[in-house]
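# Coordinate inspection notes
Below are the chains, spelled out letter by letter.
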Amino acid sequence: MHSAQELVSHVEALASLPTVYQRIREQLDSPDGSVIEVARLVSADPALTVRLLRLVNSALYGYGGQVDTVNRAVQILGLQQVHDLVLAMSVSAVFSGIQPERMEMGRFWRGSVMCALAARTIAQGCGLPSAERLFVIGLLADLGHLVMYQTVPALAAEAQNSADRGEEALHMAEQRIVGCDYAEVGATLMDHWRLPPLFAEVVGAQIVPRLGGDHSFDAAILHVASALVQADRRGEASSAAAERIAPSVWSQLNMSPESLSRIREEAELNLAAYVSLFFPSLKIR
């Protein structure tokens, strides 16, 4: 049996966040954090500069090509938002050299972007000011599976097959077969990367949101978004995903199960555009 810490330690050499992200994080954490310094750090990385400007001028933010310098982008977005977006853009680079057995990367990232879009839409509907951060957390929510398929691919596939046959929930199959589930592994990876504590707490509680403590509301949003992605992977109707979500979660979010279909349609409508923004070299189906 394996622990989440063991699995994450096996990918440590492959999965370190880039230096530019670490330096931007230092600026965010510092009481003297400087917009000018963050702009300088981003500008020193040409590929990151192009991607950030492309993103800020996309439909996601609606500036329509008016933002033509990194300094202006950082001023508009603020330090936290730039931190989160650089983190999101760094993830694809971190795992670009990893080709896990039994996992199709295009399909994986498609699901991750769909989760991000759904989480953002739900958060906006709930009136949360942190909707953009929920987008990034949604994008990272399933990284535990990427670690599992890289380190214990046969066991991870066995657990997925058991869940697909309807024998047990996926996280229960993973706990039985692997020794830990994808949410535990994902939270451990967030801790390993020393991300803001919110990331690990929400990712770790996505299966049972009430375990998220002060962040149980955000975890409930991620729980619903993940259920939608699971239905998409299985080719199921949105109603099937809604049935797997406990009434207490719908009540906590003040949402109706019927709203899931609209959220899914919006995510699907924007999916291709967002995949091209965050994963420009990726081929998805």
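Starting afresh in each chain, residues are numbered from 1 along the sequence in its written order. Two thresholds apply to this predicted model, a pLDDT of at least 70 for residue-level local features and 80 or more for giving and counting side-chain atom pairs, whereas whole-chain, interface and lining totals are computed over all residues. Processing note: side-chain calculations cover all non-hydrogen atoms of the structure and skip hydrogens and water entirely.

## Regarding unusual backbone geometry
So the rule is basically this: For helices the rule is a DSSP run of H or I covering at least 4 residues; for strands it is a run of E covering at least 2, with both sets numbered from the N terminus onward. Relative accessibility thresholds used throughout: buried, under 20% of the residue-type maximum; exposed, over 50%; partly exposed, between the two (1.4 Å probe, protein chains only).
Unlike most non-glycine residues, Arg194 shows phi in positive territory, near 60 degrees. Tracing the backbone shows Arg194 in the loop between helix H12 (182-192) and helix H13 (197-204). When its relative accessible area of 68% is taken as the criterion, Arg194 is described as exposed. Unlike most non-glycine residues, Asn254 shows phi in positive territory, near 55 degrees. You can see Asn254 is positioned in the loop between helix H16 (247-253) and helix H17 (259-278).

## A few points about the nonpolar core
For the record, the criterion: Residues grouped as a nonpolar core are buried Ala, Val, Leu, Ile, Met, Phe, Trp, Tyr and Cys residues, joined through side-chain atoms within 4.5 Å.
Membership of the largest hydrophobic core comes to 110 residues, with the highest contact counts inside it found for Phe95, Leu143, Met190, Trp193 and Phe278. A per-element tally of this core places helix H7 (residues 105-125) first, with twelve residues.

## Structural notes on the packing of aromatic side chains
The cut-off we apply is this: Aromatic pairing here means that ring centres of Phe, Tyr or Trp (its six-membered ring) are within 6.5 Å. Orientation follows from the plane angle: under 30 degrees is stacked, over 60 is edge-to-face, and everything else is tilted.
Evaluation of the coordinates by the stated rule reveals three aromatic pairs. Ring centres of Phe108 and Trp109 lie 4.9 Å apart, and the angle between their planes is 75 degrees; on these two criteria the pair is classed as edge-to-face. Of the two residues examined, Phe108 and Trp109, each falls in the buried class. Both rings, one in Phe135 and one in Tyr274, keep their centres 5.9 Å apart while their planes meet at 50 degrees; by these two values the pair is tilted.

## Quick notes on the pattern of salt bridges
The criterion, for reference: By salt bridge we mean one thing: a side-chain nitrogen of Lys or Arg within 4 Å of a carboxyl oxygen of Asp or Glu.
Under the definition given, this model contains 14 salt bridges. As a salt-bridge pair, Asp232 and Arg110 come within 2.4 Å of each other at their nearest N and O atoms. Residue Asp232 is located in helix H14 (residues 216-234), and its partner Arg110 is located in helix H7; the two are separated by 122 residues in the primary sequence. Arg110 shares its class with Asp232; the two are buried. Arg264 is the salt-bridge partner of Asp232, the closest N and O atoms lying 3.9 Å from each other. You can see Asp232 sitting in helix H14 and its partner Arg264 sitting in helix H17, a full 32 residues away along the chain. The network of salt bridges with common partners includes Asp164, Arg233, Arg234, Glu236 and Arg244.

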